[in-house]
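# Coordinate analysis (summary)
If you want the building blocks of each chain, they are given just below.
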Amino acid sequence: MKKEVHYFLTAILFFTRIPCPKWVGHSSEMLNKSNRYFSLVGILVGSIAALVYYLATFLFTPEISIILSMISSIWATGAFHEDGFADSCDGFGGGWTKEKILLIMKDSRLGTFGVIGLFSILLLKFSAIQALSSSTINIPLLIISGHAISRFIATILLYTHPYVRDIETSKIKPTTTQMSTKSLVISCFFGVLPLFFFQNYRVFLCLIPLLITYWYVARFFKKWIGGQTGDCAGALQQVAEVVFYLFILVLWRLY
């Protein structure tokens, strides 16, 4: 149990700005073990965003509350996943060979594809949640679920696809390079856990479009670079989160 707590705190240390005890390790072994708790970290980050949204609704409009919620989640993670998505947009948008794509993704500067992609996905995320804010859906639960399930989808990529870049040549950011079956199962548990709190169990149908999203994005990465990088996982997390919100929006309008 002590080791599992250590793994969880390691995940918090690397993938959020939430303070952790100084004794928490940061070795590559600890990092690779910690990926089993990515979805739990998603619940934690989503809970922060959900709390900000809930409190903000007492003072502001739903639109402002959603924006403050999104800002809080970006602050909590240090824009870690958003940065990965933007880098992926730049890399795959501007590169035509594996070497060029990886070189662009390693560049810390943000290019045109990254700016447009990041603006588009944040706008889409806001619009989807804003459209649902007028429904009977529990928005704080929706936000928590979106953060958790999207991180589980991202961990599938870590499990199925090899890491294709040497850590020493990467940008200075935490990277997990491998994932065990046990870790994937644990990630799955925490990823789907919030869905059980919805009154409408049709919400579990979201796994269909999410797995299709994983399959398509993973196939795309495999085609162009032969596997995945940390940026690829971050990009998939962002896309999966938006797909989740859009599916819930469609589900709400149909039923």
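Now for a description of the structure that goes with this document. (Residues numbered from 1 in each chain as written. Predicted model: local features only at pLDDT ≥ 70, side-chain atom pairs only at ≥ 80, totals over all residues. Heavy atoms only, no water.)

Right, let's get into the side chain of Glu-241. Looking at where Glu-241 falls in the secondary structure, it is placed in helix H11 (residues 230-254). Classification of Glu-241 by relative accessible area gives buried; the value is 2%. Residues within four places of Glu-241 in sequence aside, it is in contact with Lys-125, Gly-146, His-147 and Ser-150. (Helix = DSSP H or I, 4+ residues; strand = E, 2+ residues; numbered from the N terminus. Buried < 20%, exposed > 50% of the residue type's maximum accessible area, 1.4 Å probe, protein only. Contact = heavy atoms within 4.5 Å.)

Turning to the layout of surface pockets, a few remarks are in order. For the largest pocket, the calculated volume is near 340 Å³. As for the largest pocket, its lining consists of 13 residues, and the residues nearest its centre are Thr-136, Ile-137, Phe-198, Gln-199 and Asn-200. Broken down by element, the residue count for the lining of the largest pocket peaks at 3 residues, all from H11. Taken together, the residues of the lining of the largest pocket break down into 9 nonpolar, 4 polar and no charged. Empty space within the second largest pocket amounts to approximately 190 Å³. Forming the boundary of the second largest pocket are Phe-85, Ser-88, Cys-89, Phe-92, Tyr-216, Val-217, Phe-220, Phe-221, Ala-235 and Val-239. Counting only elements with at least two residues in the lining of the second largest pocket, the list comes to helix H5 (80-94), helix H10 (207-225) and H11. (1 Å grid on protein atoms, 1.4 Å probe; cavity = no way out; pocket = protein on both sides within 12 Å on 5 of 7 lines; lining within 4 Å. Points joined across faces, edges and corners; volume = space filled by probe spheres on them. Nonpolar A, V, L, I, M, F, W, Y, C, P; charged D, E, K, R; others polar.)

Remark: helix H4 (residues 62-77) packs on helix H7 (residues 112-132), axes separated minimally by 10 Å, with the N-to-C direction vectors making an angle of 135°. Classified by the angle between their axes, H4 and H7 sit oblique to one another. Remark: the crossing between H4 and H7 carries right-handed chirality. Across the interface between the two elements, Glu-63, Ile-66, Ile-67, Met-70 and Ile-74 of H4 pack against Leu-122, Lys-125, Phe-126, Ile-129 and Gln-130 of H7. Taken together, the residues of the contact of H4 with H7 sort by class into 7 nonpolar, 1 polar and 2 charged. (Axes fitted to C-alpha atoms, helices over the stretch in contact; angles between N-to-C directions. Parallel < 35°, antiparallel > 145°, perpendicular 65-115°, else oblique. Left-handed = near helix turned anticlockwise from the far one by under 90°.)

All right, on to unusual backbone geometry then. One non-glycine residue, Ala-79, lies in positive phi territory at about 55°. On the secondary structure map, Ala-79 appears in the loop between H4 and H5. With relative accessibility at 23%, the residue Ala-79 sits in the partly exposed group.

Scanning the entire structure with this criterion turns up 3 salt bridges. The partner of Arg-109 in a salt bridge is Asp-107, with the nearest N and O atoms 2.8 Å apart. The partly exposed category is assigned to Asp-107, whose relative accessible area is 25%. A salt bridge links Glu-241 to Lys-125; the nearest nitrogen and oxygen atoms lie 3.4 Å apart. Taken together, the positions of Glu-241 in helix H11 and Lys-125 in helix H7 put the pair 116 residues apart, joining distant regions of the chain. In this pair, the class of Glu-241 matches that of Lys-125, namely buried. (Salt bridge = Lys/Arg side-chain N within 4 Å of Asp/Glu carboxyl O.)

Before going further, it helps to examine empty space enclosed by the protein. Picture a little ball the size of a water molecule; that probe, rolled over the atoms, points out where space is still empty. Within the structure shown, the criterion is met by 4 cavities of 30 Å³ or more. The space that makes up the second largest cavity amounts to roughly 80 Å³. Along the wall of the second largest cavity there are 13 residues; nearest its centre are Met-70, Ser-73, Lys-125, His-147 and Glu-241. Of all the secondary-structure elements, those providing two or more residues to the lining of the second largest cavity are H4, H7, helix H8 (139-160) and H11. Tallying contributions element by element places H4 first for the lining of the second largest cavity, with 4 residues. Considering only residue class, the lining of the second largest cavity consists of 7 nonpolar, 3 polar and 3 charged.

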